[in-house]
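Each chain, letter by letter, is given below.
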Amino acid sequence: MPDAPFKSEFLQTMQARGYIHQVTHPAELDEAAAGGRIVAYIGFDATAASLHVGSLIQVMMLRRLQQAGHKPVVLMGGGTTKIGDPSDKDTQRPLLTTEQIQANIASIQTVFAKFLTFGDGPTDAVMVDNADWLDALGYVEFLREFGVHFTINRMLAFDSVKLRLEREQPLTFLEFNYMLMQATDFLELERRLGCNLQMGGSDQWGNIINGVELIRRVDQKPAFGLTTPLLATASGAKMGKTVAGAVWLNADLRSPYDYWQFWRNTEDADVGRFLRLFTDLPLGEIARLEALPGAEINEAKKVLANEATRMLHGAEAADAAAGAAEAAFEHGALSADLPTVEVKAADLEAGIVLAALAHDAGLAASRGEARRLAQGGGLRVNDKPETDANRTVTEADLVDGVIKLAAGKKKIVLVKPV
């Protein structure tokens, strides 16, 4: 970091809101950002039909870039997904077909328009697919043109490779090529779009450095890298992982209500940090909210949930989720916006053990946890505490066609027979 404070609005904002972990050539990048428009990209591989909330910080980085008057590039990994990024992985990802990758890209793309303005203007975001150039590369040509700029010694020193080898997990030659391909992406975007900054999570630092050095060596042009800290909650849990699974950004995989609840359940110590990273609220207002004493911090959590949900799903969905939560938790009422878990009518007729139902509904990580929750009075059926998790839930528990199942003060699902 430079000795003096950053001069550019972009890096000032990134630093004040907690996005910066590592940056190459910080003073030079600051000069470039203060003196004109920079073009920056982040790559997103299409390994699933949706990004999850762990990727949201990357999307927000592009948003901050555009808000500061610069141009964001969203790079979809139609080519690199065919290999799979070995960073932070113990095993090779399952290889997807071209058709699966393209279907995933089509699904993922819908999220970005919620956070970025796309178009043909100088600061409008653009989306490109690295399959456009990687698929056309001949292997011998690729190795002759780019392979000479990478040494095995250096590649083995990067964490993405070193950690896999230290754990005695196999690293395929296919995956070993990933960092060369990512560096080629940066060079290609520099040549096509004038892109001079790559951003990403800190697990991408080695890959980003390769691209920076390749551009500076081959094209003798300035290039920069910037990473964010890998996010974890205050208790050490990986960001975006819950009992019910990944917190997906696509509404068809994670309902707006569940998304709102994820943010509402933020740990007290994380509220200020998440407000800075994942909302556009002014820093002064965030400072006021994170300083709320005692139980009042819950109001800050509601603001976080409202703002994050509004940004992704829109104001109407955020208001509906907040209203459903208030009705369910503060007034004991049901709402169509509450998450619903479907069970077979025949299974409910025969009877389902409460511990199994709580686990299957995502309210507990295991049946054992559901039993412990019940013993402590934290498991409720239709608002009535149930201390016996081995009791059978049947059709007799239906109220207006559903069963209201709750764990603690923050989790409610409706069980519906089909």
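Rules behind the numbers
Residues numbered from 1 in each chain as written. Predicted model: local features only at pLDDT ≥ 70, side-chain atom pairs only at ≥ 80, totals over all residues. Heavy atoms only, no water. Core = buried A, V, L, I, M, F, W, Y, C linked by side-chain atoms within 4.5 Å. Buried < 20%, exposed > 50% of the residue type's maximum accessible area, 1.4 Å probe, protein only. Contact = heavy atoms within 4.5 Å. Phe/Tyr/Trp six-rings, centres within 6.5 Å; stacked < 30°, edge-to-face > 60°. Helix = DSSP H or I, 4+ residues; strand = E, 2+ residues; numbered from the N terminus. Salt bridge = Lys/Arg side-chain N within 4 Å of Asp/Glu carboxyl O.

This paragraph deals with the nonpolar core. As a rule of thumb, soluble globular proteins bury nonpolar side chains together. Formed by 66 residues in total, the largest nonpolar core has its most connected members in L56, M199, L226, W263 and F278. Look past the residues within four positions of W263 in its chain and what remains in contact with it is V53, L56, M239, F274, F278, K301, L304, A305 and A308. Ranked by size, the runner-up nonpolar core spans 26 residues in total, among them M181, F186, C195 and I215.

What the rule picks out here adds up to 7 aromatic pairs. Centre to centre, the rings of F44 and F112 are 5.0 Å apart; their planes meet at 70°, and the pair counts as edge-to-face. Pair noted here: F44 is in strand β2 (residues 39–45) and F112 is in helix α4 (residues 98–112), with a separation of 68 residues, a long-range link. Between Y259 and W263 the ring centres are 6.1 Å apart and the planes differ by 75°, which places this aromatic pair in the edge-to-face class. Here W263 and Y259 lie together in helix α12 (residues 256–264), a separation of 4 residues that amounts to about one turn.

The next thing to look at is the pattern of salt bridges. Applying the stated rule across the entire model yields 17 salt bridges. Measuring nitrogen to oxygen at the nearest pair gives 2.4 Å for the salt bridge that ties E31 to K7. Placement of E31 in helix α2 (residues 26–35) and of K7 in the segment before α1 (9–16) is noted, with a sequence separation of 24 residues between them. Across the pair D280 and R63 runs a salt bridge, and its minimum N-O distance is 2.5 Å. Separated by 217 residues along the polypeptide, D280 in the loop between α13 (271–278) and α14 (283–290) and R63 in helix α3 (residues 56–67) bring together distant segments of the chain. With relative accessibility at 29%, the residue D280 sits in the partly exposed group. According to the relative accessible area criterion, R63 is buried, its value standing at 16%. Via salt bridges that share partners, R63, R64 and D280 belong to a single interconnected network.

The values are spatial; any link to function lies outside them.
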